[in-house]
Amino acid sequence: MGPVKTAARAISQKAFDEMVQENIDDLGIDPAEALEDAVQTLTLQGVDLSGIVTCLPGETNPVIDCLRKLEEVKESPEIRELLDDLCALCGNKDSGDTAIAAKNGAIELLISVCKKLWEESDRALASALSAMASVIHDVRSSNLFNEKDGPKLVVDILRQENERCEGNEVVKESFVELKIDEIVLRVLKQCSGGSIPSIYDAIRIILSADDYRVVASQIFGYARRFAKLGSVEVLVEFLRGGVSSPCLVSASTALKALSVNDEICKSISNTKGVDVVLHCIEESGLQGNDSAGRACCSLLSKLAGSDDIKREIVELGGVEKLINLSVMSVICTLCLRSPENAAHVIKSGAGDLAIEAIRTNVLNSTPTTCRKLLLNNGIEELIRRAKQSHKSCKDAATDALRDLGVANYNL
């Protein structure tokens, strides 16, 4: 067994400054040498100096100076400029400035600033959130952010901002530039998935190509950013909670929005996500939770766009589970570009299920409703194709088209 690791000793800023001053007064050495001696002595003693300002007596630290000014200024332009300065100073996590900011009240101050700017609908709020993201850098600062209700504040802001993002590519781009993906993932991890659907909604909205004024949306790039940060693993982990999870529907919808390419779909597979989704579908069917079942089926159908995922679903017994629950939409996707899956589906009884579904819908529908249902499901194209391909059913096909009320039924 190796030696037991002990926690590093801590020192306050006041004690450090007094030690430097004692070196100057008692040893009669110059300030620069006194500072260097204090740092070396404390380091050898195993004292943690992160967050300690190691300036010469009389000098000011730019981070401390920026925080003090933020406490004093009232005008929005000045606040925004200071927030941007703080973000730039703390942008390099290895510089030590981030720890200095966190240890000197930056998180508490920024939460207060965010609340004030949000209440006033001030545009500087984006800069405040960006500064917040740059200051939170370790377990200690993350815990402090959580203790001060930081996650709740971010969620409340997102709940309001979600409405502004929908259908507006420019607003989405602004949020992404401010690293909203990092903030969202950090809140999700800290809240352990709690009942915060607005966070999942933020992912869904940012990753939705719903601004029809834009020729080419950037959501594919945004999705890759979210995936690179580890959002796949986080969302799949939330789905493991099953139907009992209060945010199952929101998390499923967010994961569906994230699944924009084959690479991301495969990463979901690598985290056993396909098995988790199948379990949720089965569980929702047993409990009669239609909303959860629909959300998970929609997610599985999106994932099944990958041929590798199709094979995995079949291998995991997904076809049989889906047939037992009468889920035809995903079954149809599984058959696309895969004759082997189509044969397996028919052998498993999906053909009988489809016939029974048609029979039930026809018996329970008025003629007008029935015709509309069949036409919406593409029956006209299928009948016309059969009419052209098989001479023996030409007359029957013509009669069927006529009864459906389509134009040019005799062509």
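Preceding block: the structure.
For clarity, every value in this text was computed on a predicted model and none was experimentally measured.

Draft legend 1. Fine view of the environment of D85. Along the chain, the position of D85 falls in helix α4 (residues 76-89). C-alpha of D85 to C-alpha of R371: the two residues are 286 residues apart in sequence and 65 Å apart in space.

Draft legend 2. Summary view of the packing of aromatic side chains. Enumeration over the complete set of coordinates arrives at 1 aromatic pair. Taken together, a centroid distance of 5.9 Å and an interplanar angle of 85° make the contact between Y200 and F238 edge-to-face. With Y200 in helix α12 (residues 197-206) and F238 in helix α14 (residues 231-239), this pair connects stretches of sequence that are 38 residues apart. On the basis of relative accessible area, F238 is assigned to the buried category, the value being 14%.

Draft legend 3. Quick look at a negative patch on the surface. Taken together, D17, E18, E22, D25 and D26 make up a surface patch of like negative charges. Checked against the element boundaries, D26 lands in helix α1 (residues 13-27). Using a relative accessible area of 62% as the deciding quantity, one classes D26 as exposed.

Draft legend 4. Representation of the side chain of S141. Residue position: S141 is located in helix α8 (residues 139-147). Residue class for S141 comes out buried when judged on its relative accessible area of 3%. Look past the residues within four positions of S141 in its chain and what remains in contact with it is A102, I107, V135 and I136.

Draft legend 5. A look at the packing of helix α21 (residues 328-335) against helix α22 (residues 339-347). Here α21 crosses α22 at 140°, and the two axes come no closer than 7 Å. Only N341, A342 and V345 of α22 make contact with α21, whose side of the interface consists of I331, L334 and C335.

Draft legend 6. Unusual backbone geometry, seen in detail. Even without being a glycine, D149 presents a positive backbone phi close to 65°. The residue D149 is located in the loop between α8 and α9 (150-165) in this model. Despite not being glycine, R337 shows a phi value in the positive range, around 60°. Relative to the helices and strands, R337 resides in the loop between α21 and α22.

Draft legend 7. Representation of α21. Buried within α21 we find V330, I331, T333 and L334. All buried residues of α21 lie within an arc of 160° about the axis, which places them on one face of the element. Phi turns positive, to about 60°, at R337, one or two residues after α21.

Draft legend 8. Looking closely at the pattern of salt bridges. A full pass over the atoms with the stated rule returns 16 salt bridges. A salt bridge links K172 to D210; the nearest nitrogen and oxygen atoms lie 2.6 Å apart. Here the residue K172 occupies a position in helix α10 (residues 169-177), and D210 occupies one in the loop between α12 and α13 (219-228), the gap between them amounting to 38 residues. Salt bridges linked by common partners bring D262, K266, D308 and R311 together as one network.

Draft legend 9. Structural detail: helix α17 (residues 273-287). With 15 residues, α17 extends 21 Å from end C-alpha to end C-alpha; this agrees with the ideal 21 Å at 1.5 Å per step. Buried residues of α17: G273, V274, V276, V277, L278, C280, I281, E283 and S284, and no others. In this structure, the buried residues of α17 make contact with α14, α15 (248-258), α16 (262-270), α18 (290-303), α19 (307-315) and α20 (318-324). With its phi angle positive at about 70°, G288 sits one or two positions after the end of α17.

Quick notes on the rules
- Residue numbers run consecutively from 1 along every chain, following the written order of its sequence.
- Reporting in this predicted model follows two pLDDT cut-offs: at least 70 for local features of residues, and 80 or more for side-chain atom pairs to be given and counted; totals over whole chains, interfaces and linings ignore these cut-offs and use all residues.
- Working from all heavy atoms in the structure, the side-chain values ignore hydrogens and water.
- The numbering of helices and of strands both runs from the N terminus, where a helix is a DSSP run of H or I of at least 4 residues and a strand a run of E of at least 2.
- Planes of paired rings set the category: under 30 degrees apart is stacked, over 60 is edge-to-face and the rest tilted, where pairs are Phe, Tyr or Trp rings (Trp by its six-membered ring) whose centres lie within 6.5 Å.
- Think of it in three bands: residues with accessible area under 20% of the maximum for their type are buried, residues over 50% are exposed, and the middle band is partly exposed, with areas taken using a 1.4 Å probe on protein chains only.
- Excluding any residue in a salt bridge, patches collect residues exceeding 30% relative accessible area, merging like charges within 9 Å and nonpolar Val, Leu, Ile, Met, Phe, Trp and Tyr side chains within 5 Å.
- In these tables, accessible area is a Shrake-Rupley quantity obtained with a 1.4 Å probe, and a residue counts as shielded only by the protein chains included in the view.
- What makes a salt bridge here is a side-chain nitrogen of Lys or Arg within 4 Å of a carboxyl oxygen of Asp or Glu, nothing more.
- All tallies of charge rest on Lys and Arg as positive and Asp and Glu as negative; His and the ends of each chain are not included.
- Charge coordinates come from a single atom per side chain, which is NZ of Lys, CZ of Arg, CG of Asp or CD of Glu.
- We call two residues in contact whenever any of their non-hydrogen atoms come within 4.5 Å of each other.
- Only the stretch in contact is used when a helix axis is fitted, and all axes are lines through C-alpha atoms; the angle between N-to-C directions ranges over 0 to 180 degrees.
- Directions drawn from the helix axis to the C-beta atoms are what define this arc.
- By this rule the span expected of a helix is its residue count minus one, scaled by 1.5 Å.

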